[in-house]
Structures are given as C-alpha cells and as structure tokens.
Amino acid sequence: MAIISPSVLTCDFLTFLDDIKKLEAAGVDMLHLDVMDGIFVPNISFGVPVIQSIRKHTNIPIDTHLMIDKPHRYIEQFAKCSDWLGFHYEAGSDNIETLKAIKSYGCKTCITIKPKTPASAVFDLLELCDMVLVMSVEPGFGGQKFMMHALDKITELKSEIKKRSLKTLVEVDGGINAETAPLAVKAGADVLVAGSFVFNSDNITETVKKLKEL
C-alpha cells in the first residue's frame, strides 16, 4: 500500500483549512510542504510561519521539502515544526552534517535528488536517511509532466537500500497521476507526492483511496 503525501502548492491558501480537513477525512499519511527561496529554484513559496500555522490545525505528519540554498542555515527552525525534513543534495551544504543536525532535533531525514543527479550520488548517505526523494520533474513549479527516467533511479535506489538491509523509504515527487503513480510504485516507490492530481480532483477522498491502494 502506497504512502500518500499530497503537495499543497496547487491549493488555495485562503481556504486551505477546508482542504486540510478533506485530506484528514481521506486518510492521507503526510502533508508535503514545498519551501522555495527563489534562489535554489526560480520560485518563492512560504516559510516557517506558514508551517507553524498548519501544524496548529492538523495532526497529519508534516513532510517538509526544502528547495533552498544552503539549507543547513535553517535546520533548527524547520525541524521544530516538521515530522520529516528533506533538503537537496545539490543545495550547497555539508550533507552529512545537515542530516545529523536534522536527526538531533528528533526529525526524520530525507535527502532529495534533482532529475539530472544520479541515484548513486546519495548511496553513501543512505544510512543517515529515513527517506530519499526522487524528483520526477524539475523542482520549483507544480503541474509538470513526469520524467520517465526517474523510474530507473527509483529502482536503483530501492535495490541499494535492500542490499544494505535498510528501512529507508523512497519518495517520488512530480507529475504523479492515475497513469504514472502505478509505474512509480512498481519501480519501488513507497511514498507518492501528488499535488494537482489530488487537489484538482472532483473527489479528494476517492482519489487518495485509489493512490493508497497501489
């Protein structure tokens, strides 16, 4: 059964509390929050105050995805309002020390790789990772088309994780829909990040249910 972590990028933040309640009723496993700084990616989203506000109104575990430059500077602030905290391999931090810092605050760790970064780049970090996020689109904007070569990276990561007898989860983000979600799960993905597909659906509960059943 797939773990579902809807991305909120496509939601209407003025009515977001209503959407949170719908997601709670649908039984989503996590809530994926994309933090963008306009430097590491060409877009700006939200920061700590928004996540703190969301945390006050839901018990859904917070899956924070930092798309920011030099993320080690902000680990404490984000770790304190997140359950899972991920950052990009390519973002200009000491990855080992950043992962250790996240763990020191009792938060679960995730490292993310962009479409052009090979899966093997993070093999030496797997022991420190509770999850690895494979981007199946270029980070920064929602609604993009799924890049099929991400499937090979998912399979490669899953194979290495099993080889090392680890419990690290593999998450995939970007272009997840009714067609691509089954392919990602078959390739080895444990966690599906779906934004537009969930929030733009006619029935959020039914959409989440179908994804979870994969």
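Rules behind the numbers
- Residues numbered from 1 in each chain as written.
- Predicted model: local features only at pLDDT ≥ 70, side-chain atom pairs only at ≥ 80, totals over all residues.
- Heavy atoms only, no water.
- Salt bridge = Lys/Arg side-chain N within 4 Å of Asp/Glu carboxyl O.
- Helix = DSSP H or I, 4+ residues; strand = E, 2+ residues; numbered from the N terminus.
- Buried < 20%, exposed > 50% of the residue type's maximum accessible area, 1.4 Å probe, protein only.
- Phe/Tyr/Trp six-rings, centres within 6.5 Å; stacked < 30°, edge-to-face > 60°.
- Lys NZ or Arg CZ within 6 Å of the ring centre and 35° of its normal.
- Right-handed = clockwise from strand over helix to strand, strands pointing away.
- Pairing = 2+ DSSP bridges.
- Arc of directions from axis to C-beta.

What follows deals with the pattern of salt bridges. Applying the stated criterion to the full structure yields 9 salt bridges. A salt bridge links Asp-83 to Arg-55, with the shortest nitrogen-to-oxygen separation between them at 2.5 Å. Remark: Arg-55 occurs in helix α2 (residues 48-57) and Asp-83 occurs in the loop between α3 (75-79) and β4 (84-88); sequence separation between them is 28 residues. On the basis of relative accessible area, Asp-83 is assigned to the partly exposed category, the value being 27%. Arg-55 gets classed as partly exposed once you look at its relative accessible area, which sits at 28%.

Another point: the packing of aromatic side chains. Here the distance between the centres and the angle between the planes together describe a pair of aromatic rings. Applying the stated criterion to the full structure yields 2 aromatic pairs. Ring centres of Phe-13 and Phe-46 lie 5.7 Å apart, and the angle between their planes is 65 degrees; this geometry places the pair in the edge-to-face category. Remark: Phe-46 occurs in the loop between β2 (31-36) and α2 and Phe-13 occurs in the loop between β1 (3-4) and α1 (16-26); sequence separation between them is 33 residues. Residue classification places Phe-13 among the partly exposed positions, given a relative accessible area of 40%. Taken together, the ring pairs connect Phe-13, Phe-16 and Phe-46 into an aromatic cluster. The positively charged end of Lys-114 is found above the aromatic ring belonging to Phe-40, 5.1 Å away from the centroid.

This part takes up the pairing of strand β3 (residues 62-67). Counting buried positions along β3 gives 6 out of 6 residues, so the element sits mostly inside the fold. On β3, burial covers both faces: Ile-62, Thr-64 and Leu-66 on one face and Asp-63, His-65 and Met-67 on the other are all buried. In terms of handedness, the path from β2 via α2 over to β3 forms a crossover that is right-handed. Two strands pair when backbone bridges link them, and β3 and β4 are joined in this way by 4 bridges, in the parallel orientation. What sits directly across from His-65, in β4, is Gly-86.

This part covers helix α8 (residues 204-212). Along α8, the residues classified as buried are Ile-204, Thr-207, Val-208, Leu-211 and Lys-212. Down the axis, α8 shows its buried residues gathered within 130 degrees of arc, on one side only.

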